[in-house]
Amino acid sequence: MATRHDTAALPLEEGGAAPGRPPADAVPDEKDQRRRARLSRRWQRDMRWSPYAFVSPFFLLFLAFGLFPLIYTGWASLHTVELTDPTDMQWAGMRNYTRIFDDDFFWNAAKNTLTIGIISTVPQLAMAMGLAHILNYKLRASTFYRVVMLAPYATSIAAASLVFVLLFGRDYGMINWALHFVGVDAIDWQNDKWPSQIAVSSIVIWRWTGYNALIYLAAMQAIPQDLYESAALDGASRWKQFLHVTLPSLRPTILFTVVVSTIGASQVFGEPLLFDANKGASGGAEHQFQTLGLYLYEQGWVNMHLGRASAIAWTMFLILIVIGIVNYVISRRLRASS
């Protein structure tokens with residue numbers, strides 16, 4: 001059979017059914033050039049200003065609810081102003097600061113804040129470290145345990161505090177009921193000084209231990225396994241591995257949790273407010289567990305002294321700045337030593 005070689009399609013003639021492609025060296029007309037220039041300028045503006053547009057909501061909210069209240073309370077702290085008439089300000093200078101420093105209730109609240117902070121922070125971080133060390137090993141249903149760790153943190157402060165009020169009840173509380181079996185008389189957890197501070201601290205410990213445990217757990221899982229294998233080959237037990245491998249590797253994380261817990265302890269408010277039997281801001285009948293947060297609330301919203309409350313707020317703010325500076329100095333020294 002003869003083979004045909006003429007089956008290839010012929011090129012389309014000019015003006016045929018399908019238009020031909022424009023030549024590669026065709027120059028766009030003036031209208032097309034203006035359109036491309038406009039799109040190029042729009043693209044440049046979008047690349048330049050889009051990041052600012054994306055972050056602008058945060059800064060707007062910060063200006064409205066962060067920076068403005070900070071500046072306003074600083075200005076109000078230099079005036080005598082009542083909450084009933086916040087527009088009537090009379091210049092007082094540093095009188096509000098000197099007055100709170102001469103107030104015995106302020107120093108009582110500061111000491112209570114310090115003791116509650118120590119009682120709640122030290123056991124909390126120690127327990128969190130232990131729980132994280134246990135969860136760091138392979139356990140069945142480890143995801144379930146991690147979710148359970150976060151359950152107290154997700155629980156409402158009001159609900160948790162009210163439950164602890166029932167647990168620490170003097171006459172019908174479960175804590176006194178359990179202590180009765182070991183020969184301990186009933187303790188008035190809400191009216192005695194140290195028992196009330198321990199009870200308030202227990203609420204803080206219960207809420208934040210799991211949260212810090214997960215932070216420690218994440219840091220432990222980032223430690224290279226080669227360090228543990230080398231320590232095991234040298235004959236180190238698990239306890240020595242924890243002391244000489246885990247703890248040195250966790251120093252930055254431990255410092256972070258200590259600083260965050262200290263800042264949180266200085267701002268404790270909801271737990272002592274709801275633990276008070278009278279549901280007031282006095283922190284007990286004798287102010288035995290009144291914190292700085294409660295003292296600020298009492299001066300501003302109970303006694304209506306907005307200027308004095310603003311001075312207390314700025315004093316607490318300065319305390320937090322000092323804590324931040326101490327954190328910075330310690331972290332620098334740790335980095336230098338390591």
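Residues numbered from 1 in each chain as written. Predicted model: local features only at pLDDT ≥ 70, side-chain atom pairs only at ≥ 80, totals over all residues. Heavy atoms only, no water.

Student: Mind showing me how you'd approach a positive patch on the surface here?
Tutor: A cluster of basic residues, R38, R41, R42 and R45, forms a positive patch on the protein surface. Tracing the backbone shows R38 in helix 1 (residues 30–76). Judged by its relative accessible area of 41%, R38 falls in the partly exposed class. (Patch = residues over 30% accessible without salt bridge, like charges linked within 9 Å, V, L, I, M, F, W, Y side chains within 5 Å. Areas by Shrake-Rupley, 256 points an atom, 1.4 Å probe, with all protein chains shown as cover. Salt bridge = Lys/Arg side-chain N within 4 Å of Asp/Glu carboxyl O. Lys, Arg positive; Asp, Glu negative; His and termini not counted. Charge placed at Lys NZ, Arg CZ, Asp CG, Glu CD. Helix = DSSP H or I, 4+ residues; strand = E, 2+ residues; numbered from the N terminus. Buried < 20%, exposed > 50% of the residue type's maximum accessible area, 1.4 Å probe, protein only.)

Student: Sorry if this is basic, but what is going on with the nonpolar core here?
Tutor: The nonpolar side chains of a soluble globular protein tend to be buried with one another. Residues M129, A132, Y216, M220, I223, V245 and L250 are the most contacted members of the largest nonpolar core, which totals 17 residues. Put simply, the parts of the chain that give this core at least two residues each are helix 3 (104–135), helix 7 (193–221), helix 8 (225–233) and helix 9 (238–249). (Core = buried A, V, L, I, M, F, W, Y, C linked by side-chain atoms within 4.5 Å.)

Student: Could you clarify how one ought to interpret the confidence of the model for the chain in this entry?
Tutor: As a general rule, the predicted coordinates of low-pLDDT regions are not to be interpreted in detail. Averaged over the chain, the pLDDT score is 85; the fraction of residues at 70 or greater is 91%. Counted against residues more than four places away or in other chains, residues 1–18, with its pLDDT under 50, gives 1 contact. (pLDDT = per-residue confidence, 0-100. Contact = heavy atoms within 4.5 Å.)

Student: Sorry if this is basic, but what is going on with unusual backbone geometry here?
Tutor: One non-glycine residue, H287, lies in positive phi territory at about 55 degrees. For H287, the location among the structural elements is in the loop between helix 11 (270–275) and helix 12 (292–302). Even without being glycine, M304 reaches a positive phi, approximately 65 degrees.

Student: Would you mind going over a nonpolar patch on the surface with me for this structure?
Tutor: Nonpolar side chains collect at one region of the surface, where F54, V55, F58, F59, L60, F62, L63, L67 and I71 lie side by side and expose about 940 Å² of accessible area between them. Along the polypeptide, F58 turns up in helix 1.

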